[in-house]
Amino acid sequence: EYSKFSHQKTSEVQIQLDSYNNSVLYNDYIISQIYEVLFSNKNIPKAMLYFADHGEEVTYMFGHTVDKFEPSMYRIPVYIALSAQYKKEHDQIVENIEYNKTKYFTNDMVYDTYRIIVCCRKYNWAAAKKYAVWTQNYLPTCTKYDINK
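The structure displayed is predicted, hence computed values, not measured ones.

Participant: How do you make sense of the overall build of the chain when you look at a structure like this?
Facilitator: Check the secondary structure of the chain and you find 5 helices and 2 strands. Helices and strands appear in the chain in the N-to-C order α-β-β-α-α-α-α. Across the 149 residues of the chain, 28% fall into the buried class. By element, 54% of the accessible surface of the chain is carried by carbon and sulfur atoms, the whole surface being about 10,400 Å².

Participant: Sorry if this is basic, but what is going on with the pattern of salt bridges here?
Facilitator: Should their charged atoms come close, side chains of opposite charge can pair. Under the defined criterion, the tally for this structure stands at 1 salt bridge. Linking Glu98 and Lys101 is a salt bridge whose minimum nitrogen-to-oxygen distance equals 2.7 Å. Residue Glu98 is classed as partly exposed on the basis of its relative accessible area of 46%.

Participant: Help me understand a nonpolar patch on the surface, please; the structure alone is not making it clear to me.
Facilitator: Where nonpolar side chains cluster on the molecular surface, the patch consists of Tyr26, Tyr29, Ile30 and Ile34 and spans about 340 Å² of accessible area. Among the structural elements, Ile30 can be located in helix H1 (residues 12-38). According to the relative accessible area criterion, Ile30 is partly exposed, its value standing at 31%.

Participant: Help me understand helix H4 (residues 110-117), please; the structure alone is not making it clear to me.
Facilitator: Counting along an α-helix, one turn takes 3.6 residues, and residues three or four places apart therefore face a common direction. In terms of burial, H4 is a largely internal element, 6 of the 8 residues being buried. Buried within H4 we find Val110, Asp112, Thr113, Arg115, Ile116 and Ile117. At the C-terminal side of H4, Cys119 shows a positive phi close to 55 degrees.

Participant: Would you mind showing me how to read helix H3 (residues 91-99) here?
Facilitator: Among the residues making up H3, those that are buried are Ile93, Val94, Asn96 and Ile97. One face of H3 carries all of its buried residues, which in axial projection span an arc of 165 degrees. Looking at the packing, one finds that the buried side of H3 touches strand E2 (78-82), helix H2 (84-89) and H4.

Participant: Even after reading the chapter, I still don't get the nonpolar core, so can you show me in this structure?
Facilitator: Soluble, globular proteins show a tendency: their nonpolar side chains are buried together. Listed in full, the 8 residues of the largest apolar core are Leu82, Tyr86, Ile93, Val94, Ile97, Ile116, Ile117 and Cys119. For this core, the elements supplying multiple residues, two or more each, are H3 and H4. By residue number, the principal contributor to this core is H3, which donates 3 residues. Excluding its chain neighbours within four sequence positions, the residues that come into contact with Val94 are Leu82, Tyr86 and Lys87.

Criteria and thresholds
Residues numbered from 1 in each chain as written. Predicted model: local features only at pLDDT ≥ 70, side-chain atom pairs only at ≥ 80, totals over all residues. Heavy atoms only, no water. Helix = DSSP H or I, 4+ residues; strand = E, 2+ residues; numbered from the N terminus. Buried < 20%, exposed > 50% of the residue type's maximum accessible area, 1.4 Å probe, protein only. Areas by Shrake-Rupley, 256 points an atom, 1.4 Å probe, with all protein chains shown as cover. Salt bridge = Lys/Arg side-chain N within 4 Å of Asp/Glu carboxyl O. Patch = residues over 30% accessible without salt bridge, like charges linked within 9 Å, V, L, I, M, F, W, Y side chains within 5 Å. Arc of directions from axis to C-beta. Contact = heavy atoms within 4.5 Å. Core = buried A, V, L, I, M, F, W, Y, C linked by side-chain atoms within 4.5 Å.

Quick look at the structure:
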């Protein structure tokens, strides 16, 4: 069921790519099952934040190594799902996430983003405003990083 991509190719790169794609397919299935359970009750405000801890370079068979660092190793998906009830109760957060959806997001900002999404009461809101995706003042990375490198 999760071997959609076959290993009948002769290339070692293609075999690794097929294995990687099958693992992504399985991961997508697991995430979809979590989503279905979480969002089955429409009347409760819910949020789901998903991100990968790192990427991989599968085309050139580097794996995940610092010796041959490629952008695909640090570009990760970030997925935020919000129930209709959550959107109704937290419209400003939702509006700002939507406003920032095309900006870069690095996994070091997950903590602040999570705390805002779950509406944590004991939080330094002022300090987080420039770093969290939920504000329109969001800075996607620290200024010492060049996102074009």
